[in-house]
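Residues per chain, in single letters:
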Amino acid sequence: MGKTLLKIENLNATIEGKSILKGINLEIKEGEVHAIMGPNGSGKSTLASVLAGREIFEVTDGHVEFMGKDLLSMAPEERSREGVFLAFQYPIEIPGVSITNFMKAAVSQHREHKGLEPLSPSEFLKLMKEKKELVEIEAKLANRAVNEGFSGGEKKKNEVFQMAMLEPKLAILDETDSGLDIDALRIVANGVNKLKNSENATLVITHYQRLLDYIVPDVVHVLYDGKIVKTGGKELALELEEKGYDWIKKEVQV
Amino acid sequence: MSTLDDNKILEEYSEKEYEAGFVTEIESDVFPIGLDEDVVRAISLKKNEPEFMLEFRLNAFRRWKTMIEPEWAHLKYQKPKFQDISYYSAPKNMPKYNSLDEVDPELLATFKKLGVPLDEQKVLAGVAVDVVMDSVSVHTTFKKNLEEKGIIFCSISEAIQEHPELVKKYLASVVPAGDNFYAALNSAVFTDGSFAYIPKGVRCPMELSTYFRINQANTGQFERTLIVADEGSYVSYLEGCTAPSRDENQLHAAVVEIVAMKDAEVKYSTVQNWYPGDKKGKGGVYNFVTKRGICKGDNSKISWTQVETGSAVTWKYPSTILKGDNSVGEFYSVAVTNNFQQADTGTKMIHIGSNTKSTIISKGISLGESNNSYRGLVKINPKANNARNYSQCDSLLIGSKCGAHTFPYIESENPSAVVEHEATTSKVSEDQIFYCNQRGLDTEDAISLIVNGFAKEVLNQLPMEFAVEAQKLLSLTLEGSVG
Ligand SMILES: Nc1ncnc2c1ncn2[C@@H]1O[C@H](COP(=O)(O)OP(=O)(O)OP(=O)(O)O)[C@@H](O)[C@H]1O
Ligand SMILES: [Mg+2]
């Protein structure tokens, strides 16, 4: 396997003094797909937010290295430009700002960071078209304001479209499958798969084995009460689907 | 959205201070400070005005002396000391130039710093620019071209000399000399401004634009603008302003009058960027403006679009009197206040004719410790059958120390009227900013994007090149608002 992309060591985080992440250790290499599963409230979204740099969470201990750099010392926008992408569990509406303008601003920041010339308007529109086709989103959607009045499924597709536009090194998908109909699930998963290569990695947060039939993980982790309590291959997801989380909770208590 | 060049706009981010904060050294001919009848006479004499103008001014001055400054606006400020202002300042020996090469290079350098596109490009783009430097018009382009169509576009002083019959007929026909405190003062002492007349059936082939700039320390600026659109004509007029920084508060009390005859349409767009004062609230321009249009004939239309980002204190209510049947009034406004800026702005739509329609879209954005108020009056007179009004007033707050206030007044005296008013107040949320951050935008860019999105309905009303300028101004105003 490839080089280490992300290395999380003993990550602890709190919100308003309440401890949420309690010593996370996780290593993701280039070319890998990791899945994180776990009961509601176990800290999955918190982990994603902390990696993306959400300031309301306070990191109280631990270290995160991303492509050899100290991730936690970077501002959220730097992390994005360095290649960390978070598909939000609950995407945010930005009224009046078209997806086209939003992405234009984002892409130009990313290119500048890489020392690349800005795209001309026609190159940019070509890129938009290409990526829209890749993730099979309706062309019209891009003319609408970011997430404004979008259905739940449309919001999720829009996240994957943005991911395609920014071509991250590490994509964190926080329940991108929830709220999708069967066809949309397949389309979104296909999109994610098409974006996968030997130099990037995907961290999929999900409650359902179903998604993992499409996006096949190399490693599955179970997050419970702020800790990764079990790690296994893709069969672990099947086992969880069948048995639920009680047996794991019991194992932890022992 | 249009294909505005967002990148270019974002590029300009780095400079935090007010960019136009410099003073041009051009010889000026300045009156001593103070105001009395003799000063009014001297202004009129200096400008070699006909008798009717002197009388008009003296009459206005006498009215002004009996009036008191209005107190009802949602504003707090140190009242200007009217006797400490010099009421006349004209650049000396101003010849009229045929080409830019002949213009004082320092003046050109000033315009360059301001980004006033008074260069060949702008000229090629087809914009006739009548620049008001302090109070006297110094440059007019494309005038010939306009003359061929019978369009008159010149300084108001020139109009008083060359077209006294038009000035006499229309001046103060929409804003009477005694209309309000500031309008009366303006009527008494205005030194220049612009005049446009579009003859019957003529569609003005280009945007008419004037760039105002306050330049002389302690010189109050009293612009007077008069636009007359004769039957079936159309004109789009752009007004853009900027001023250098000063310690003393500067007073600006302009009057703009628009007359739209039968089937005529006037679109009046403003981007206002006067010095708002420093971060502590010191200095800045006081902007007390009276803008009013009358849809005099049937089927006429007046549309006001304004982007207000400047001034320490703004008091401004572009209004439309809908006299002709089926006439239409529109008001689109974005007002941004930052630091200690105060804006009290809005509109009045006075429905007199039948089937008259008005639309008000007001977007207020407050940051820092600023206060932003919308004040609007929709008045439906008894004879205005089937009048319609739709008003929408949205406020966006950035931070927790600023304020947004909405004062809608509706006076309907005709039961067939339909008046709708909607108002919303929202905050730029942490979630929105984080979402943008996560896509690679820093917080300042994020706010700018969110604000531009919020103001989109209004920005879309502006002519293209003005919209770019407006976006740039919005972004500049938001700078330093973070953290
Ligand atoms: N902004 C917040 N304020 C207070 N508590 C929070 C906040 N965000 C998360 N928490 C708490 O942190 C814990 C973990 O939440 P998190 O959203 O990470 O769970 P999750 O594993 O993603 O759950 P789900 O499967 O329901 O999405 C929960 O107890 C939650 O209530
Ligand atoms: Mg979650």
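To start, this report covers the structure provided alongside it. (Residues numbered from 1 in each chain as written. Chains lettered and ligands numbered in written order. Predicted model: local features only at pLDDT ≥ 70, side-chain atom pairs only at ≥ 80, totals over all residues. Heavy atoms only, no water.)

**Looking at the interface of chain B and chain A**
Size of an interface: often given as the accessible area lost when the parts come together.
At step 1: Listed as interface residues are 23 residues of chain B and, on the opposing side, 33 residues of chain A.
At step 2: For the pairing of chain B and chain A, the buried interface totals around 2,400 Å² over both sides, and the portion due to carbon and sulfur atoms is 57%.
At step 3: Seen at the junction of chain B and chain A, the total is 15 residue pairs in polar contact (both at pLDDT 80 or more).
At step 4: Among the elements that line the side of chain B that touches chain A, the one with the most residues is helix α10 (residues 430-438) of chain B, at eight residues.
At step 5: Taken together, the residues of the side of chain B that touches chain A break down into nine nonpolar, six polar and eight charged. (Contact = heavy atoms within 4.5 Å. Buried area = accessible area lost by both parts, 1.4 Å probe. Polar contact = N/O pair within 3.5 Å; in protein donor to acceptor, adjacent residues only side chain to side chain. Helix = DSSP H or I, 4+ residues; strand = E, 2+ residues; numbered from the N terminus. Nonpolar A, V, L, I, M, F, W, Y, C, P; charged D, E, K, R; others polar.)

**Re the site of ligand 1**
All names here are of chain A.
At step 1: Around ligand 1, the surrounding shell holds 16 residues, and the nearest of these are Gly41, Lys44, Ser45, Thr46 and His207.
At step 2: Thr46 places a side-chain nitrogen or oxygen 2.5 Å from an oxygen atom of ligand 1.
At step 3: The contact in question runs from an oxygen atom of ligand 1 to an N or O atom on the side chain of Glu175, over 3.3 Å.
At step 4: Here ligand 1, which alone exposes 630 Å², has 67% of that area covered by the protein.
At step 5: Looking at the shell around ligand 1, the elements that each hand over two or more residues are β2 (18-29) and α1 (44-52).
At step 6: A total of three residues in the shell around ligand 1 trace back to one element, the largest contributor, which is α1.
At step 7: Considering only residue class, the shell around ligand 1 consists of five nonpolar, eight polar and three charged. (Near = heavy atom within 4 Å. Areas by Shrake-Rupley, 256 points an atom, 1.4 Å probe, with all protein chains shown as cover.)

**Details of the packing of aromatic side chains**
At step 1: Across all of its chains, the model carries ten aromatic pairs over all chains by this definition.
At step 2: On the numbers, 5.8 Å between centres and 70 degrees between planes, the contact of Phe88 of chain A with Phe434 of chain B is edge-to-face. Here Phe88 of chain A, found in the loop between β6 (84-87) and α3 (99-113), pairs with Phe434 of chain B, found in helix α10, and the two come from separate chains.
At step 3: Residue Phe88 of chain A is classed as buried on the basis of its relative accessible area, which comes to 11%.
At step 4: Ring centres of Trp64 of chain B and Phe181 of chain B lie 5.5 Å apart, and the angle between their planes is 45 degrees; this geometry places the pair in the tilted category. Here the residue Trp64 of chain B occupies a position in helix α3 (residues 51-66), and Phe181 of chain B occupies one in helix α9 (residues 181-189), the gap between them amounting to 117 residues. No difference in accessibility class separates Trp64 of chain B from Phe181 of chain B, as the two residues are buried.
At step 5: Members of the aromatic cluster, each reached through a chain of ring pairs, are Phe61, Trp64, Phe181, Tyr182 and Phe288 of chain B. (Phe/Tyr/Trp six-rings, centres within 6.5 Å; stacked < 30°, edge-to-face > 60°. Buried < 20%, exposed > 50% of the residue type's maximum accessible area, 1.4 Å probe, protein only.)

**Quick word on the coordination of the magnesium ion (ligand 2)**
Residue and element names in this part refer to chain A.
At step 1: Of the protein atoms, only Ser45 (OG) and Gln89 (OE1) coordinate the magnesium ion (ligand 2), at distances of 2.0 to 2.2 Å. Placement of the pair is Ser45 in helix α1 and Gln89 in the loop between β6 and α3, with a sequence separation of 44 residues.
At step 2: On the basis of relative accessible area, Gln89 is assigned to the buried category, the value being 15%. (Donors = N, O, S within 2.8 Å, 3.2 Å for Na, K, Ca; no water.)

**Things to note about the environment of Asp179 of chain B**
All names here are of chain B.
At step 1: Structurally, Asp179 can be placed in the loop between α8 (164-170) and α9.
At step 2: Sequence separation of Asp179 and Val40 is 139 residues, and the distance between their C-alpha atoms is 19 Å.
At step 3: Aside from chain neighbours lying at most four places away, what touches Asp179 is Met67, Thr290 and Arg292.

**Considering the sheet that holds strand β9 (residues 219-224) of chain A**
All names here are of chain A.
At step 1: Strand order in this open sheet of six strands is β6-β7-β8-β3-β9-β10, and the pairing throughout is mixed. Looking along the sheet, the strands with just one partner apiece sit at the ends: β6 and β10 (227-232). Recorded for the sheet is a direction-independent mean angle of 20 degrees between the axes of neighbouring strands.
At step 2: Taken together, the four bridges between β6 and strand β7 (residues 170-174) define a ladder with parallel strand orientation. Note on β7: the bridge partner recorded for Val84 is Leu170.
At step 3: Its contacts with the sheet place helix α5 (residues 152-166) against β6 and β7, and it is angled at close to 165 degrees to β6.
At step 4: Set on the sheet, helix α8 (residues 235-243) makes contact with β3 (33-37), β9 and β10; between it and β9 the angle comes to about 45 degrees. (Pairing = 2+ DSSP bridges. Axes fitted to C-alpha atoms, helices over the stretch in contact; angles between N-to-C directions.)

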